[in-house]
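One-letter residues, chain by chain:
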Amino acid sequence: MSKKELVRNLEELEHVTGSLALDIWQHPQIAYEETYASAAQKSVLADAGFRITENIGGMQTAFYAEYGSGYPTIGILGEFDALPGLSQSSKPYKDPVSENGPGHACGHHLLGTAGVESVLGLKQLIDQGKVNGTIRYYGCPAEEVLSGKTFMAREGVFDDLDCCLTWHPGTSNVVQNYSTQAMISIKFRFHGVPAHAAGAPHAGRSALDAVEIMNIGANYLREHLVDGTRIHYSITNGGQAPNIVPDEAEVWYYLRGANRDQVEDMLMRMHDIAKGAALITGTSTSHELLANCYHMLTNDTMDTLNYRNMEDYPMESFTSDEVAYAAILRKSMDPKLIEASRRQLQLDSNDILPTKNFYNIAMKDTTMPGSTDVADVSWITPLASIGTTCGPIGTQVHAWQATAVFGTSIGLKGMHYAARIMALTAYDLLTEPAFVEQAKAEFIEATADKPYQVGLDETVLAPGTERKEQLI
Ligand SMILES: [Zn+2]
C-alpha cells in the first residue's frame, strides 16, 4: 500500500524535479565548478526541511542532505557536473548553445536530480510515520574527472551508511550488475632548459622531447600489460613555438585496469618510464596525481530488489512525438553502433526507446570498459546501481546527441523512472531490515581482508585549493 503511495508522492513531485533538472541542464558547469546545480539542489532540499552539510573536504559544491533519524541510514548518490565542449540545444541536430561551451552530455543533471526526487518522496512517508530510518542525498562534484567521491570518501562521509543507491542515464532499463575499471589519472611534467632552436640548440634541453620519449615508452609497455588494461594520454603542454626549445611540457595519462592492483602496477612502470625519459633528455620530471578510483563492487541482494521493483513498476511507454524525435536524432549516429547495442539487448529494430527491463545474471563479475568514482563508495558500503532509458538506442554519452536528448522529455522520463526505482528499493531497505543485513553480509564477505583504502592521500587536494607537486 505504502509503495503505491510513494509512487504517487513521486508523481506529484515530477513538475518540481523536472524543472530543477532542466534548469541545471541550461546552466552546465564542469567538474568542481558546479555552483549553480549545487545551490539549486541544496535550496530545494533545505526548503523541504533536510539538514544540509556542505563544503565537504573544502569542496564548495560537495554536500549531503539528511532527513529522518536512526537505523538504517540509506544513501542516494547524485552528480551534477557537465563536460567541456559539448554544448548543445535540445534540437535533434548539431546546434551548440555556446561554441565550445560545456554541456550535459553524460546526463548528470538528471543523475543528481533523480536522487533529490527519491529522497523528497521518501521524506513524506517518514513524516507520516510510515517509514523509520535516515535518508541521505549526496551532492557529489566532479564525477567526470573521477575524484569528487574519492575526496568525499577521504572525509569519511559514507562511513556510517548501511546501504547506498545510485543510477546513470542510458539507453535501456538495466540492473548494473557488472564492474567498472579501476583508474588512475596522472600528469607528468618535464622541466628542461630553453634555447633558440636554430641559434643555440646545443644549449637547450627539451621538455617536449621527454614527453615524446615517455609516450614511446608507454606505447612499448602496452604489449606487456594484462589484457583489458587501457592507457590513454593527451599532450597538454607541448611548448609555445617551433623556434624555442620547450623548457616545460606536460602529458596527461589515464591508466585503467580490472582492479586497483593492475593499475598500481602500471603506475610503477610509468614512473620508471618518466625517469628514463628525463635521463635521456637531460630534463627533470615531476608528477601530479589527479584521481585514483576503485573498480566497482556489485551487490546481488540490492540488484535483486532493484529488478523486482522495475518489474513491479514498469516504465510507461514513450509518446509518438518522443519516438519521432529519437528517430531524427538517430540519423546522426553510426548505424553499426546502433546495431551492436540492439543485438546486445536483443531488441526489435523498431524498438528505439526500450521500456523493457534487463537483468543479465551472466554479466556479474564482468568488467565494463570505463570507470567511475561511484566505485569508491561501493567499497565502503553495499551499493547498487541501475541505468534507465533517457535516450534512443545508439546514443553515446559524451557526445552532443546525448546533451540534446537528455534535455528533452525523454531524458526526464528516464530520470523520473530512476527516481521511482531508487525510492522503491530504499523503501524496501527502510521497512525490511533483513534486506539491509543480507546486503551487508554479502558486502562484508566480498571485502574481507580488503578494506577500502582511499587512493588520494592528504598531499593531493581537490581543485580550488593549492596543489603540491612531488619532484623526483
Ligand atoms: Zn556520467
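Residues numbered from 1 in each chain as written. Predicted model: local features only at pLDDT ≥ 70, side-chain atom pairs only at ≥ 80, totals over all residues. Heavy atoms only, no water.

Undergrad: Break down the packing of helix α1 (residues 2-26) against helix α2 (residues 35-47) for me, citing the residues and quoting the values.
TA: For any two helices packed against each other, the geometry is given by the interaxial angle and the distance between the axes. Direction vectors running N to C along α1 and α2 enclose 165°, while the axes themselves pass 9 Å from each other. Here α2 runs roughly antiparallel to α1, going by the angle between their axes. In this structure, α1 meets α2 at a crossing whose hand is right-handed. Here α1 contributes Leu20, Asp23 and Ile24 to the contact with α2, which in turn contributes Tyr36, Ala37, Ala40, Gln41 and Val44. Taken together, the residues that form the contact of α1 with α2 break down as six nonpolar, one polar and one charged. (Axes fitted to C-alpha atoms, helices over the stretch in contact; angles between N-to-C directions. Helix = DSSP H or I, 4+ residues; strand = E, 2+ residues; numbered from the N terminus. Parallel < 35°, antiparallel > 145°, perpendicular 65-115°, else oblique. Left-handed = near helix turned anticlockwise from the far one by under 90°. Contact = heavy atoms within 4.5 Å. Nonpolar A, V, L, I, M, F, W, Y, C, P; charged D, E, K, R; others polar.)

Undergrad: So what's going on with the side chain of Thr171? Which residues, and what values?
TA: Topologically, Thr171 is positioned in the loop between β5 (163-170) and β6 (173-175). When neighbours within four sequence positions are excluded, Thr171 is seen to be in contact with Pro354, Thr388, Thr389, Gly391, Pro392, Ile393, Gly394 and Thr395.

Undergrad: Provide a residue-level description of the coordination of the zinc ion, including the pertinent values.
TA: Within the protein, the zinc ion binds to Cys106 (SG), His108 (NE2) and His168 (NE2); these donor distances fall in the range 2.1 to 2.2 Å. Residue His108 is classed as buried on the basis of its relative accessible area of 0%. (Donors = N, O, S within 2.8 Å, 3.2 Å for Na, K, Ca; no water. Buried < 20%, exposed > 50% of the residue type's maximum accessible area, 1.4 Å probe, protein only.)

Undergrad: Now, about the pattern of salt bridges: what can you tell me, with residues and values included?
TA: Pairs can form between side chains of opposite charge whenever their charged atoms are close. According to the stated counting rule, one finds 21 salt bridges in the structure shown. Salt-bridge contacts for Lys3 lead to Asp428; the nearest nitrogen and oxygen are separated by 2.8 Å. In this pair, Lys3 is assigned in helix α1 and Asp428 in helix α12 (residues 409-431), connecting sequence segments 425 residues apart. Asp428 matches Lys3 in its accessibility class, with the two residues each being buried. The closest approach of N and O atoms between Arg189 and Glu288, which form a salt bridge, is 2.6 Å. (Salt bridge = Lys/Arg side-chain N within 4 Å of Asp/Glu carboxyl O.)

Undergrad: An account of the UniProt feature "domain: Peptidase M20 dimerisation" (unreviewed entry) in the chain is requested, with residue identities and associated values reported.
TA: According to UniProt, the feature "domain: Peptidase M20 dimerisation" (unreviewed entry) maps to residues 181-276 in the numbering used here. Secondary structure within residues 181-276 divides into 33% helix and 29% strand; the distance between the first and last C-alpha atoms comes to 28 Å. (UniProt positions renumbered as here; feature names shortened; annotations may be inferred.)

Undergrad: Go over the domain arrangement of the chain with me, naming the residues and quoting the values.
TA: The assigned domain composition of the chain is domain 1 (2-180 + 295-447) and domain 2 (182-293). Between the C-alpha centres of domain 1 and domain 2 there is a distance of 36 Å. Contact with domain 1, which involves 14 residues of that partner, is made by twelve residues of domain 2. Taken together, the two surfaces of domain 1 and domain 2 that pack against each other cover about 860 Å², and 54% of this comes from carbon and sulfur. When the buried area of domain 1 at its contact with domain 2 is split by residue, Leu146, His295 and Ser371 rank highest and sum to 51% of it. Applying the counting criterion to the domain 1 and domain 2 interface returns zero salt bridges. The interface formed by domain 1 and domain 2 contains one residue pair in polar contact (both at pLDDT 80 or more). Here the side of domain 1 that touches domain 2 is built from residues that sort into three nonpolar, eight polar and three charged. (Domains from an automatic or database assignment. Buried area = accessible area lost by both parts, 1.4 Å probe. Polar contact = N/O pair within 3.5 Å; in protein donor to acceptor, adjacent residues only side chain to side chain.)

Undergrad: Before we move on, can you summarise the packing of aromatic side chains with the specific residues and values?
TA: As enumerated under the stated definition, the model contains twelve aromatic pairs in all. Measuring from ring centre to ring centre gives 5.9 Å for Phe63 and Tyr137, while their planes differ by 55°; the resulting arrangement is tilted. Within this pair, whereas Phe63 is found in strand β2 (residues 63-69), its partner Tyr137 is found in strand β4 (residues 133-140), the two being separated by 74 residues in sequence. Judged by centre distance (5.6 Å) and plane angle (50°), the rings of Tyr64 and Tyr138 are tilted. (Phe/Tyr/Trp six-rings, centres within 6.5 Å; stacked < 30°, edge-to-face > 60°.)

Undergrad: Mind laying out helix α13 (residues 433-447), listing which residues take part and the relevant values?
TA: When the terminal C-alpha atoms of α13 are compared, their 21 Å separation across 15 residues agrees well with the 21 Å that a helix rising 1.5 Å per residue should span. Within α13, burial applies to Val436, Ala439, Phe443 and Thr447. Across the axial projection of α13, the buried residues extend over an arc of 70°, all falling on one side. Exposed side chains of α13 directed beyond 90 degrees from the buried face belong to Ala434, Ile444 and Glu445. Contact partners of the buried residues in α13: β5, α7 (300-312), α10 (374-378) and α12. Looking one or two residues past α13, Asp449 carries a phi angle of roughly 65°, positive in sign. (Expected span 1.5 Å × (residues − 1). Arc of directions from axis to C-beta.)

Undergrad: How would you summarise the environment of His104 if you had to cite specific residues and measurements?
TA: Checked against the element boundaries, His104 lands in the loop between β3 (73-79) and α3 (108-127). Along the chain, His104 and His398 lie 294 residues apart, while their C-alpha atoms are 8.2 Å from each other. Look past the residues within four positions of His104 in its chain and what remains in contact with it is Ile24, Trp25, Pro28, Phe80, Asp81, Ala82, His109, Ala402, Thr403 and Phe406.

Undergrad: Requested: an account of the nonpolar core, with residues and values cited.
TA: Counting residues in each nonpolar core, the largest one holds 82 residues, and the members touching the most others are Leu6, Leu45, Phe50, Leu110, Leu122, Ile135 and Trp167. If one sorts the elements of this core by residue count, α12 sits on top with 14 residues. Residues contacting Trp167, with those up to four places away along its chain left out, are Leu110, Leu111, Ala114, Ser385, Ile386, Thr388, Cys390, Gly414, Met415, Ala418 and Met422. With 57 residues, the next largest nonpolar core counts Met59, Phe188, Leu289 and Ile380 among its residues. (Core = buried A, V, L, I, M, F, W, Y, C linked by side-chain atoms within 4.5 Å.)

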